[in-house]
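Structural description and commentary
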Amino acid sequence: MPITIKAISEKDYDTQLKQDLLILMLAYPDHIVNVEKAGDKIFCITKSGKKLLYDDKKEKNYEEKLANPDLQDMLEQNYPLEKNETLMDKNFDPGRIRHYDLLNEVYGSSKREIEKNLTNLKYGYTNYQFNSQNKANIALETALKEIIPLAKSRRDISAILYPASGTYNYRVIAGTGRLSPHSYGIAIDLKSDKKDYWKWSSREQGEKRLSEYPKELVEAFEKNNFIWGGKWNHFDILHFEYRPEIILKARCFNSWTKNKKWYENPIYKKDDIKNYIDLIERAVN
């Protein structure tokens, strides 16, 4: 059975909008600096002045959302924090939809810009490159500092960690014109197995591989704002991707219920995020 998030059915559009805007500002504090309303459209304003549309109000199927998402499309599916033992339901791929204008703004809009932001990280016997913007490299280093000591006594973890398949690689996703998150230096693929990827194996093989992934490994990455491709219907089990907006939304609002204020969450006190709350309320209302 697929993992479901109870809170989804309890949220009206206005609540979802405000929560999404708050999460985006918390996830990218040095890049998303304002929210503006123009007619019936809401925009996130970046430090450079670029306007990122929250909701284009268009009906789109799954493939259209992948190809041309707005911010709402990107955040629409709530990422489950529980470790799954079975594959997700059809087209349930939280985080697989990426907003490229946002990625370009944060991590670099060209190969040259991205590579200026890359930093080396020692992992095993190899140096891997990862983006230094928005603390992505720090998040990866922190996750590995937790996982690598476990691997010394846990064969099930070391067998997955070494050798990693790679981090930065400027390329498009096969069969599409869209850049891979590896192009931005914000993803790491661990040791590859033929059962890891939905195009390489059957669902039965994929579920067997899921069961081999230790919960501690997945949780260490998620704790540091990485999503796991094992929680996608289009499974990519070796893949971890730095997506703070997806993980923060899960932590803050997966358990939200309609008897709470829209901004109430278990992580941030109101006083800590009051400026964001006031800014969003003024813009939306």
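Below: a short report on this structure.

Cut-offs used in this document
Residues numbered from 1 in each chain as written. Predicted model: local features only at pLDDT ≥ 70, side-chain atom pairs only at ≥ 80, totals over all residues. Heavy atoms only, no water. Helix = DSSP H or I, 4+ residues; strand = E, 2+ residues; numbered from the N terminus. Pairing = 2+ DSSP bridges. Axes fitted to C-alpha atoms, helices over the stretch in contact; angles between N-to-C directions. Contact = heavy atoms within 4.5 Å. Parallel < 35°, antiparallel > 145°, perpendicular 65-115°, else oblique. Left-handed = near helix turned anticlockwise from the far one by under 90°.

Points about unusual backbone geometry
In most cases, non-glycine residues show a negative phi, while peptide bonds are predominantly trans. For the peptide bond that leads from Tyr162 to Pro163, omega is -15°, which places it in the cis range. Looking at where Pro163 falls in the secondary structure, it is placed in the loop between helix 7 (155-161) and strand 6 (187-189). With phi around 65°, Lys57 is a residue other than glycine that occupies positive phi space. Structurally, the position occupied by Lys57 is in the loop between strand 3 (51-53) and helix 2 (62-67). Phi is positive for Lys135, which is not a glycine, with a value near 60°. Here Lys135 is to be found in the loop between strand 5 (126-131) and helix 6 (136-151).

Quick word on the sheet that holds strand 6
As summarised here, the arrangement of the three strands in space is 6-8-7, forming an open sheet in which the pairing is antiparallel. A strand with exactly one partner marks an edge of an open sheet, and here the two such strands are strand 6 and strand 7 (226-228). Pairs of neighbouring strands in the sheet enclose a mean axial angle of 20°, with direction left out of account. Taken together, the three bridges between strand 7 and strand 8 (residues 239-242) define a ladder with antiparallel strand orientation. Considered in strand 8, the bridge of Trp228 is made with Phe240.

Concerning the sheet that holds strand 1 (residues 32-38)
Within the open sheet, the three strands sit side by side as 1-2-3. Their pairing is antiparallel. Of all the strands in the sheet, the pair left with one neighbour each is strand 1 and strand 3. The mean angle between the axes of side-by-side strands here comes to 30°, regardless of whether they run parallel or antiparallel. Alignment of strand 1 against strand 2 (residues 41-46), held across six bridges, turns out to be antiparallel. Considered in strand 2, the bridge of Glu36 is made with Phe43. Strands strand 1 and strand 2 of the sheet are contacted by helix 1 (residues 13-27), whose axis makes an angle of about 150° with strand 1. The sheet strands contacting helix 11 (residues 270-284) are strand 1 and strand 2, and the helix crosses strand 1 at an angle near 20°.

Re the packing of helix 1 against helix 11
Close contact between helix 1 and helix 11 brings their axes to 10 Å; oriented N to C, the two are set at 135°. Taken together, the axis directions place helix 1 and helix 11 in an arrangement best described as oblique. Where helix 1 crosses over helix 11, the handedness of that crossing is right-handed. Between helix 1 and helix 11, the residues in contact are Asp14, Leu17, Lys18, Leu21, Leu22, Met25 and Leu26 and Ile273, Tyr276, Leu279, Ile280, Glu281 and Val284, respectively.

None of the figures reported here should be taken as evidence of function without further support.
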